[in-house]
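Residues per chain are reported as follows:
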Amino acid sequence: MRTLRNFTIRTRLMALGLLSVLAMLLIGGDGLWAMARTKQDFQHYVRQDVESLVQLSEVRAGVGNLRRYEKDMLINIGDDAAVKRYHEEWRKTFEGVLRSLDVIAGLEILPEIKAMPPAMKASLGNYRNGLDGIVARILKQESVDSAEANRQTEPIKGPVREMDKQLGEMTQAIMARGNQEVQRIDGEETRVRMALGGVMLLGVVVIGTFTFFNIASILMPLAQAVSSTERIARQDLSERVDVHGTDETAAMMRGVQGMQHSIRHVVSGVRSATDSIATASREVAAGAHDLSHRTEQAASNLQETASAMEELTASVQHNADSARQANQLAEEAAGAAGRGVSVVGE
């Protein structure tokens, strides 16, 4: 299947179409060849075996007519015109029988059948010679009645019986040959049907197998692509996207793989930035905590300084009050001294 994915889908579909056309051409060609072969066999059967049967029927009918005309000549003793007319018909029929035997001898049939017409012609020749003598004696009035003429035909009955025997043997041989040809044609037809069936089965197996693997090579990557995109949609980027082949589905899978790598890169960058922000936030929080501690300490120091300033101010005010009191006392002492001086002066 991976070997198929090294070719594009268009190439595989074109190969499938070409394979289908080739199979149809093979089946059609085999069918046409079988039809031509069957037609040839049938034409050969018609031209040779059927023709031999036709000519054989002509021979059998002709022999029957020869015997009938023979009887008619014997029955019409005393009527020379009738005897001559029937004898002329007998000769025409005789020539027709000979022609039919020649046709049979010229056909493409079994050698043993081809050897029978000459033997039958020899028997017919003996029959003709004997009958011509009888007819000549009838016309010369040497045969006075039918009974006497019938006795004169005894010498020609031997060739007639031999001819009938040969005709029966030829009939059996030609019928057997015809049956063999029919069986051979039936066997050829069966072989052709089996060959066509085999070719069709082979075509179905090859095309079906190629189609199955071709469809699988298309649908499997599509299913993998759907599964990969669904995992990516669920924010699962952990599973690796594998790419095999060079066809269109492989290009699609490479796109999914690239998308996964890009999203991984983006997520990695976001995660790194988030970690940096978290670290900075922790550092800012620590600085803020330290600043708060220092501010509290400074506030405590300021509070202590303020308390000291209040104490200093109170102390300065107390000193000022003491100085005013001292000054007042000094002024009073000065006044007292001045009064004392005045007193002393007085």
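Residues numbered from 1 in each chain as written. Predicted model: local features only at pLDDT ≥ 70, side-chain atom pairs only at ≥ 80, totals over all residues. Heavy atoms only, no water.

Engineer: For the nonpolar core, give the residues involved together with the corresponding values.
Structural biologist: Membership of the largest hydrophobic core comes to 33 residues, with the highest contact counts inside it found for Val59, Trp90, Leu124 and Met170. Looking at which element gives the most residues to this core, the answer is helix 4 (residues 116–139), with eight residues. When sequence neighbours within four positions are dropped, the list of residues in contact with Met170 reads Leu56, Leu101, Ile104, Met116, Pro117 and Met120. Ala225, Leu237, Val241 and Met253 belong to the second largest nonpolar core, which has six residues in total. (Core = buried A, V, L, I, M, F, W, Y, C linked by side-chain atoms within 4.5 Å. Buried < 20%, exposed > 50% of the residue type's maximum accessible area, 1.4 Å probe, protein only. Helix = DSSP H or I, 4+ residues; strand = E, 2+ residues; numbered from the N terminus. Contact = heavy atoms within 4.5 Å.)

Engineer: I'd like to hear about the confidence of the model for the protein chain, residue by residue, with values.
Structural biologist: On average, residues of the protein chain score 78 in pLDDT, and 87% of them are at 70 or above. No element of the protein chain has a lower mean pLDDT than helix 5 (residues 146–152), at 69, and none a higher one than helix 2 (residues 80–106), at 90. (pLDDT = per-residue confidence, 0-100.)

Engineer: Let's hear about a nonpolar patch on the surface: which residues, and what values?
Structural biologist: A contiguous nonpolar patch, built from Ile215, Leu219, Leu222 and Met252 and spanning about 330 Å² of accessible area, is present on the exposed surface. Here the nonpolar patch gets three residues from one element, more than from any other, and that element is helix 6 (residues 154–233). Tracing the backbone shows Ile215 in helix 6. Overall, Ile215 belongs to the partly exposed group, its relative accessible area being 42%. (Patch = residues over 30% accessible without salt bridge, like charges linked within 9 Å, V, L, I, M, F, W, Y side chains within 5 Å. Areas by Shrake-Rupley, 256 points an atom, 1.4 Å probe, with all protein chains shown as cover. Salt bridge = Lys/Arg side-chain N within 4 Å of Asp/Glu carboxyl O.)

Engineer: Please give an account of the side chain of Ser52 that cites residues and values.
Structural biologist: Note that Ser52 resides in helix 1 (residues 9–75). In this structure, Ser52 is in contact with Ile104, Leu107 and Ile174, ignoring residues within four places of it in sequence.

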